[in-house]
Amino acid sequence: MERTDLIYFSAENQKEYLALAAEYLPGSEKEKMERWSGRYPRAFVALAIEAELAGVAFGWPRELDAPGDSSFTLDGIAVREPYQRKGYGRLLLRAFESAAGEYGYPAVSVGSAGGYVEKFYLDNGYIPREYKIWTDCGIKVAYTFSDLEDYRNYRRPDGEGFVVLEKWLYIRS
């Protein structure tokens, strides 16, 4: 059995952490990661397998980019190819969700452009909320889902868009 450890972004693993994120999540913003890892260190989780960095998950409060949104956003999650489809992504996701809860956030949100990644979030309890598109004026909500059936029946327009999914960590009062 492989030895697995959950660890966090640190000075010792920063270079390897950022390299894995850049390789598997090319849209990751290194400057934001460096800035917010100091303030929210437990939200920058990594998976080490036999001392090799095998996966990362990271994010920060959504309100930093979208004032008024009370969720903690999962900006990126990736598992190196040889370790994929073995439950390690779920392990990273659970550790990230735990960190968001520890920081006092009631929900985790994530954007997904579709495919197996979107299925991963659905399988882990995330609910599709909106379909957003990029416009010349920035990101715009193109459609709000009423329920899971509505999401499944929605035909996405051609072009660049993504679904925002959300998971409540505890019941809203």
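If you're wondering where the values come from, they're calculated on a predicted model, not measured in any experiment.

### Section: the overall build of the chain
A count of helical and extended segments in the chain gives 5 helices and 8 strands. Relative to the globule expectation of 16 Å for 173 residues, the C-alpha radius of gyration of the chain, 16 Å, shows essentially globular dimensions. Reported as C-alpha extents along the three principal axes, the dimensions of the chain are approximately 45 × 35 × 30 Å. Looking at the chain as a whole, 42% of its 173 residues are labelled buried. Within the chain, counting contacts between residues at least 6 apart in sequence, those at least 24 apart form 66% of the total. Carbon and sulfur atoms make up 49% of the accessible area of the chain, which totals about 9800 Å². Charged side chains of the chain number 22 positive and 27 negative; the gap between the two group centres comes to 2 Å.

### Topic: unusual backbone geometry
Phi is positive for Glu50, which is not a glycine, with a value near 50°. Its place among the elements puts Glu50 in the loop between strand 2 (44-49) and strand 3 (52-61). Phi at Arg85 is positive, roughly 60°, even though this residue is not glycine. By the element assignment, Arg85 lies in the loop between strand 4 (72-79) and helix 3 (88-102). According to the relative accessible area criterion, Arg85 is exposed, its value standing at 74%.

### Details of the side chain of Lys32
Among the structural elements, Lys32 can be located in helix 2 (residues 30-39). Overall, Lys32 belongs to the buried group, its relative accessible area being 15%. Once residues within four sequence positions are removed from consideration, Lys32 is found in contact with Trp60 and Asp65.

### Comments concerning the confidence of the model for the chain
Chain-level pLDDT for the chain is 90 on average; 97% of the residues reach the 70-or-more range. Confidence scores differ between elements of the chain, with strand 1 (residues 4-8) showing the lowest mean pLDDT of 89 and helix 3 the highest of 96.

### Points about the side chain of Lys132
Inspection of the secondary structure puts Lys132 in strand 6 (residues 127-135). Not counting chain neighbours up to four residues away, the residues in contact with Lys132 comprise Arg62, Ile139, Lys140, Val141, Ala142, Gly161, Phe162 and Val164.

### Some thoughts on the sheet that holds strand 5 (residues 107-112)
Across the sheet, 8 strands lie side by side as 1-2-3-4-5-8-6-7; this open sheet has mixed pairing. Pairing within the sheet leaves two strands with one partner each, and these edge strands are strand 1 and strand 7 (138-144). Strand-to-strand twist across the sheet, computed as the mean angle between neighbouring axes with direction ignored, equals 30°. As paired strands, strand 5 and strand 8 (residues 161-168) are joined by 6 bridges and run antiparallel to one another. Among the inter-strand pairings, Val108 is bridged to a residue of strand 8, identified as Lys167.

### A word on the nonpolar core
Core analysis: the largest hydrophobic core is formed by 45 residues, its most contacted members being Tyr17, Met33, Phe44, Phe58 and Leu74. The set of elements that each furnish at least two residues to this core consists of helix 1 (14-24), helix 2, strand 2, strand 3, strand 4, helix 3, strand 5 and strand 8. Examining the composition of this core, we find that 7 residues originate from one element, helix 3, more than from any other. Apart from residues lying up to four places away in sequence, Met33 is in contact with Tyr17, Leu18, Ala21, Ser28, Phe44, Phe58 and Trp60.

Calculation notes
Residues numbered from 1 in each chain as written. Predicted model: local features only at pLDDT ≥ 70, side-chain atom pairs only at ≥ 80, totals over all residues. Heavy atoms only, no water. Helix = DSSP H or I, 4+ residues; strand = E, 2+ residues; numbered from the N terminus. Rg over C-alpha atoms; globule rule 2.2 N^0.38 Å. Buried < 20%, exposed > 50% of the residue type's maximum accessible area, 1.4 Å probe, protein only. Contact = heavy atoms within 4.5 Å. Areas by Shrake-Rupley, 256 points an atom, 1.4 Å probe, with all protein chains shown as cover. Lys, Arg positive; Asp, Glu negative; His and termini not counted. Charge placed at Lys NZ, Arg CZ, Asp CG, Glu CD. pLDDT = per-residue confidence, 0-100. Pairing = 2+ DSSP bridges. Axes fitted to C-alpha atoms, helices over the stretch in contact; angles between N-to-C directions. Core = buried A, V, L, I, M, F, W, Y, C linked by side-chain atoms within 4.5 Å.

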